[in-house]
Amino acid sequence: MLHHLLARNSDWAEARRRADPAYFERMAQGQQPSYFWIGCSDSRVPENVVGGLDPGEIFVHRNVANLVHSTDFSLLSALEFAIDVLGIREIIVCGHTGCGGIAAASQGLVNGLADHWLEAVRRLARRNEADLSAFPEGPARNDRLAELSVIEAVARLAETPILQRAWARGDRVSVHGLLYRLSEGELRNLDVTLTGAHLGRDAKE
Ligand code: CO
């Protein structure tokens, strides 16, 4: 299996060099990505591919069910680096239909460590019981929960001191929520974008 991956890599690198001899030299000089993507670990939602982007165009953090935990130093470190060092102004939280993490959260406690990771999703589901009950139990309800979870993640990002500080100093950073539909290959904008305009002030009250 690993041999297969290494062989594919070798073919890819060679094809790149053939198409653009200076490509890797340019890559080695640094990155200037325009987007920071927070997505699910799911193998079917690779941000570069579904976004039609090349290496160097998108900075990435992925975890199970694309959650934003305020104690996740891996995510927070990447977020801080994205905004403060790379100067990225477009932050994206992208969920997806058919998310195994979201489905696991709506089952009982059977997944070990993941049950802890997904605790916030279970809490979110309880808080939105009325909304969720309008959808038939199963995939449709889980996809609605995935949507609600993205909206929640956008709000949580906006509350991080990293975003609050960026907005306070006038950085025009936007946080967007998207949902990727596995069965169509389309990214949908959930239209829940937050810019510091109102939230920065809310936080100081
Ligand atoms: Co997922």
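None of the values given here were measured: they were computed from a predicted structure. (Residues numbered from 1 in each chain as written. Predicted model: local features only at pLDDT ≥ 70, side-chain atom pairs only at ≥ 80, totals over all residues. Heavy atoms only, no water.)

Colleague: Break down the environment of A120 for me, with residues and values.
Modeller: Mapping A120 onto the fold places it in helix α7 (residues 119-127). In this structure the C-alpha to C-alpha distance between A120 and S149, which are 29 residues apart in sequence, comes to 9.0 Å. (Helix = DSSP H or I, 4+ residues; strand = E, 2+ residues; numbered from the N terminus.)

Colleague: Lay out the coordination of the cobalt ion in plain terms, naming residues and giving numbers.
Modeller: Protein coordination of the cobalt ion is provided by C40 (SG), H96 (NE2) and C99 (SG), with donor distances spanning 2.0 to 2.2 Å. Mapping the donors of the cobalt ion onto the primary sequence gives the spacing C-x55-H-x2-C. Of this pair, C40 sits in strand β1 (residues 35-40) while H96 sits in strand β3 (residues 90-96), and the two are 56 residues apart along the sequence. You can call C40 buried: its relative accessible area is 8%. Of the residues examined, H96 reaches a relative accessible area of 1% and is grouped as buried. (Donors = N, O, S within 2.8 Å, 3.2 Å for Na, K, Ca; no water. Buried < 20%, exposed > 50% of the residue type's maximum accessible area, 1.4 Å probe, protein only.)

Colleague: Go over helix α10 (residues 161-168) with me, naming the residues and quoting the values.
Modeller: When α10 is considered as a whole, its buried residues turn out to be I162, L163, Q164, A166 and W167. Where α10 terminates, the next one or two residues include G170, which has phi positive at roughly 95 degrees.

Colleague: Quick one: what's the story with the packing of aromatic side chains, residue by residue and with numbers?
Modeller: The final tally for this structure, using the stated rule, is four aromatic pairs. Look at Y23 and F24: their rings are 5.0 Å apart centre to centre, the planes differ by 80 degrees, and that puts the pair in the edge-to-face class. Note on F24: relative accessible area 28%, which makes it partly exposed. On the numbers, 5.8 Å between centres and 35 degrees between planes, the contact of F59 with F81 is tilted. Of this pair, F59 sits in strand β2 (residues 58-63) while F81 sits in helix α4 (residues 73-85), placing them 22 residues apart in sequence. Above the ring of Y23, the side-chain terminus of R16 is found at 4.6 Å from the ring centroid. (Phe/Tyr/Trp six-rings, centres within 6.5 Å; stacked < 30°, edge-to-face > 60°. Lys NZ or Arg CZ within 6 Å of the ring centre and 35° of its normal.)

Colleague: Give me a nonpolar patch on the surface: which residues, what numbers.
Modeller: Together, L2, L5 and L6 line one region of the surface with nonpolar side chains, adding up to about 320 Å² of accessible area. With respect to the secondary-structure elements, L5 resides in helix α1 (residues 2-19). The class for L5 is exposed, based on a relative accessible area of 53%. (Patch = residues over 30% accessible without salt bridge, like charges linked within 9 Å, V, L, I, M, F, W, Y side chains within 5 Å. Areas by Shrake-Rupley, 256 points an atom, 1.4 Å probe, with all protein chains shown as cover. Salt bridge = Lys/Arg side-chain N within 4 Å of Asp/Glu carboxyl O.)

Colleague: I'd like a description of the pairing of β1, backed by residues and values.
Modeller: The element β1 is largely enclosed, with a buried count of five among its six residues. Summarising the sheet, β1 and β2 pair through six bridges and their orientation is parallel. Its bridge partner being in β2, W37 is matched across the sheet by V60. As paired elements, β1 and β3 share five bridges and run parallel to each other. Considered in β3, the bridge of W37 is made with I92. (Pairing = 2+ DSSP bridges.)

Colleague: A description of the packing of α4 against α10 should follow, citing residues and the corresponding values.
Modeller: Contact pair α4 / α10: the axes reach a minimum separation of 10 Å and the direction vectors enclose 15 degrees. It follows that α4 is roughly parallel to α10 by the angle criterion. By crossing handedness, the relation of α4 to α10 is classed as right-handed. For the pair α4 and α10, contact is made by L76, L79, E80 and I83 and by I162, L163, R165 and A166, respectively. In the contact of α4 with α10, the residues fall into six nonpolar, no polar and two charged. (Axes fitted to C-alpha atoms, helices over the stretch in contact; angles between N-to-C directions. Parallel < 35°, antiparallel > 145°, perpendicular 65-115°, else oblique. Left-handed = near helix turned anticlockwise from the far one by under 90°. Contact = heavy atoms within 4.5 Å. Nonpolar A, V, L, I, M, F, W, Y, C, P; charged D, E, K, R; others polar.)

Colleague: Provide a residue-level description of the side chain of R122, including the pertinent values.
Modeller: Turning to its location among the elements, R122 is positioned in helix α7. Of the side chains bearing the opposite charge, D115 lies closest to the buried R122, which forms no salt bridge; the N-O distance is 4.4 Å. At 2.9 Å, the side chain of R122 and the backbone oxygen of D115 are in polar contact. Leave out the neighbours within four places in its chain, and R122 touches A105, L109 and D115. (Lys, Arg positive; Asp, Glu negative; His and termini not counted. Polar contact = N/O pair within 3.5 Å; in protein donor to acceptor, adjacent residues only side chain to side chain.)

Bear in mind that shape data such as this cannot, by itself, settle questions of function.
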